[in-house]
Amino acid sequence: MIDTHAHIDFAEFDADRSDVVLRMHSVGIDNLIIPGVSPKHWQKQLAVAEQYQFYYALGIHPWFCPEDVDASIFALTSQVSALLECPRFVAIGECGLDKLYASTWPRQLAVFEAQLKLAQSVNLPIIIHSVKAHPEILACLKKHPLPRGGVIHAFSGSTEIALEYLKRGFKLGIGGLIMNPNAKKLLKTVCDLPLDSFILETDSPAMAPINVIEKRNQPANLVLFIDKIATLQKKTSVLVSEHLMSNSVQLFDL
Ligand SMILES: [Zn+2]
């Protein structure tokens, strides 16, 4: 299995990163994708990816929306061109729109659209963070269709919204929220749609599932989500993990 979204480069893992990686391997997760979040994070992100031979994406997260949009997009474009031939560089992102960060909204839109254009020009899939912004994200995707699609990370929406993304070649990233019985919309979406629609992710260290004691999320928790999806879909865990692994391999060309 692969965790398609883990910020294992973040400081929360500095003290015990190798133990977390060992634990992840011990439950059958072979690799993960570290999403990029901002120019000042890339150096450490790339060093961690190199050390453990993890996959990675490069991008600018809406929480780290830059003051100078043009300069940061220039930095991203240069970094992307320098690494384009690296087989572990698999996507643009994490990028997107977050309405809870209203003060940077106009800049968020500019940075997101620039990253959509970049993904289009280098022909990579994209990792999208969408918080209270599905209409705006969908409008941007209509304007900048991506031949290789991408993933709507930490998807929690309805089946109707999910279908809008699926028809544009996107997968839905399913993570810790699926363990929460109050996430009714998401649970219904996972019951309704075929397994082709999903990939697995933890968003470590964020979004720890409610049924684990440690508040820091980690890649090994991914196995809990496989069992939960299997129960919801009335399928075996082996079938679910194989199907979702093959979705990830196809999407990111691993
Ligand atoms: Zn993330």
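Note: the structure precedes this text.
Computed from a predicted structure; not experimentally measured.

**So, the nonpolar core**
Counting 68 residues, the largest nonpolar core has Ile8, Ile126, Tyr165, Ile178 and Ile229 as its most contacted members. Filtering out sequence-adjacent residues up to four positions away, Ile229 remains in contact with Ile174, Ile178, Val190, Leu195, Leu200, Val240 and Leu244. Judged by nonpolar contacts, the second largest core, of eleven residues, contains Ile2, Ala57, Ala91 and Leu251.

**A short note on the coordination of the zinc ion**
For the zinc ion, the full set of protein donor atoms is His5 (NE2), His7 (NE2), Glu94 (OE) and Asp203 (OD), at a range of 2.1 to 2.7 Å. Because the angles between the four donor atoms bound to the zinc ion fall within 85 to 172 degrees, the donor set is best described as irregular.

**Observations concerning the environment of Ala91**
Along the polypeptide, Ala91 turns up in strand S4 (residues 89–98). When its relative accessible area of 0% is taken as the criterion, Ala91 is described as buried. Sequence separation between Ala91 and Thr4 is 87 residues, and the spatial gap between their C-alpha atoms is 11 Å. The residues contacting Ala91, other than those within four sequence positions of it, are Tyr56, Ala57, Leu58, Leu124, Pro125, Ile127 and Phe252.

**Comments concerning the pairing of strand S7 (residues 170–174)**
Of all five residues that make up S7, five are buried, and the element is covered over most of its length. Burial along S7 is two-sided: the residues Phe170, Leu172 and Ile174 and Lys171 and Gly173 are all buried. Two strands pair when backbone bridges link them, and strand S6 (residues 150–153) and S7 are joined in this way by three bridges, in the parallel orientation. Within S7, the residue paired with Val151 across the bridge is Lys171. Regarding topology, helix H6 (residues 159–166) serves as the crossover connection from S6 to the parallel S7, and that connection is right-handed. Alignment of S7 against strand S8 (residues 198–200), held across three bridges, turns out to be parallel. Bridged to Gly173 within S8 is Ile199. Handedness of the crossover is the feature at issue here: the chain leaves S7, passes through helix H7 (residues 184–192), returns alongside S8, and the resulting connection is right-handed.

Calculation notes
Residues numbered from 1 in each chain as written. Predicted model: local features only at pLDDT ≥ 70, side-chain atom pairs only at ≥ 80, totals over all residues. Heavy atoms only, no water. Core = buried A, V, L, I, M, F, W, Y, C linked by side-chain atoms within 4.5 Å. Buried < 20%, exposed > 50% of the residue type's maximum accessible area, 1.4 Å probe, protein only. Contact = heavy atoms within 4.5 Å. Donors = N, O, S within 2.8 Å, 3.2 Å for Na, K, Ca; no water. Tetrahedral: all angles 85-135°; square planar, octahedral: opposite > 155°, others 65-115°. Helix = DSSP H or I, 4+ residues; strand = E, 2+ residues; numbered from the N terminus. Pairing = 2+ DSSP bridges. Right-handed = clockwise from strand over helix to strand, strands pointing away.

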